[in-house]
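Structure at a glance
Residue-level listing of the chains:
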Amino acid sequence: MLKELLILFLVFGIIDASVAQDPTYPDPNQSRERVRPAGDSEPFKGANTITLISGADNLFTTVGQILTEEGYTVKADREFGSIVTDERSAPNNPQHGMVIKAFVKNNTIRMSATIQPHMSFSYAGVTTSGTPIPAEYRNTNMTVHRIVFLELDRVARLIADAVAAQKLTYSVR
């Protein structure tokens, strides 16, 4: 019965086929967080957060140094464990800016990025000039979401190498 119902939903497009076939998708009654199994450290559709776990010392300082070495200007607050970059143009997409946010607590680094639209547009009477949008991994190559998320992923992997991360996971938050 469940299998027939699932097929019926797929045929009529009620649910996305990639979600229906993916056993790691969470129960809707559970948390929205979705983490791939250990060892599978590749982004998945909808992932918007990268988490690194490391036993290294001075994680906060290392994250700031790597971001600075990569050309980002950072604002850091050691008390709250937050590091936020100043806005810079998204790679190959000058009409959008991007900001990377990193939070360091104990042995965990949690990173995300936001897209800063530089163009103003109206839709259904609502103007969206400059409203930050969370970046997320998408399967299509040309979206600004994917471009910004892949830049975040590149930086996160540099940090993972520098701190000898024991685990790198992707999640939806």
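A quick note: this is a predicted structure, and the numbers were derived from the prediction, not measured.

The rules behind each value
- Residues numbered from 1 in each chain as written.
- Predicted model: local features only at pLDDT ≥ 70, side-chain atom pairs only at ≥ 80, totals over all residues.
- Heavy atoms only, no water.
- Pairing = 2+ DSSP bridges.
- Helix = DSSP H or I, 4+ residues; strand = E, 2+ residues; numbered from the N terminus.
- Buried < 20%, exposed > 50% of the residue type's maximum accessible area, 1.4 Å probe, protein only.
- Contact = heavy atoms within 4.5 Å.
- Phe/Tyr/Trp six-rings, centres within 6.5 Å; stacked < 30°, edge-to-face > 60°.
- Lys NZ or Arg CZ within 6 Å of the ring centre and 35° of its normal.

1. Structural notes on the pairing of strand S3 (residues 82-85)
Where strand S2 (residues 74-77) lies against S3, four bridges are found, and the strand directions are antiparallel. Bridge pairing in S3 places Lys75 opposite Val84. Between S2 and S3, which pair antiparallel in sequence order, lie four residues; one of them, Gly81, sits at a positive phi of approximately 70°. Examined bridge by bridge, S3 and strand S5 (residues 93-105) share three bridges and lie antiparallel to one another. Residue pairing in the sheet places Ser82 in a bridge with Phe103 of S5.

2. Some remarks on the side chain of Thr85
In this fold, Thr85 is placed in strand S3. According to the relative accessible area criterion, Thr85 is buried, its value standing at 3%. Aside from chain neighbours lying at most four places away, what touches Thr85 is Leu67, Tyr72, Thr73, Val74, Val99 and Ile100.

3. Let's talk about unusual backbone geometry
Phi at Asn92 is positive, roughly 55°, even though this residue is not glycine. As for its position among the elements, Asn92 is in the loop between strand S4 (88-90) and S5. If you check the backbone angles, Ala164 has positive phi at about 50° while not being a glycine. Looking at where Ala164 falls in the secondary structure, it is placed in the loop between helix H4 (144-162) and strand S10 (167-171).

4. Remarks on the packing of aromatic side chains
Both the distance between ring centres and the angle between the ring planes are used here to describe each pair of aromatic rings. Evaluated as defined, the whole model comprises two aromatic pairs. Centroid distance Tyr137 to Phe149: 6.0 Å. Interplanar angle 70°. Geometry classified as edge-to-face. In this pair, Tyr137 sits in the loop between strand S9 (133-134) and H4 while Phe149 sits in helix H4, placing the two residues twelve residues apart along the sequence. Of the two residues, Tyr137 and Phe149, neither departs from the other in class, the shared state being buried. Of the aromatic side chains, those joined through ring pairs into one cluster are Tyr137, Phe149 and Tyr170. When the ring centre of Tyr72 is taken as reference, the NZ or CZ atom of Arg88 above it lies at 3.8 Å.

Geometry only, nothing functional implied.
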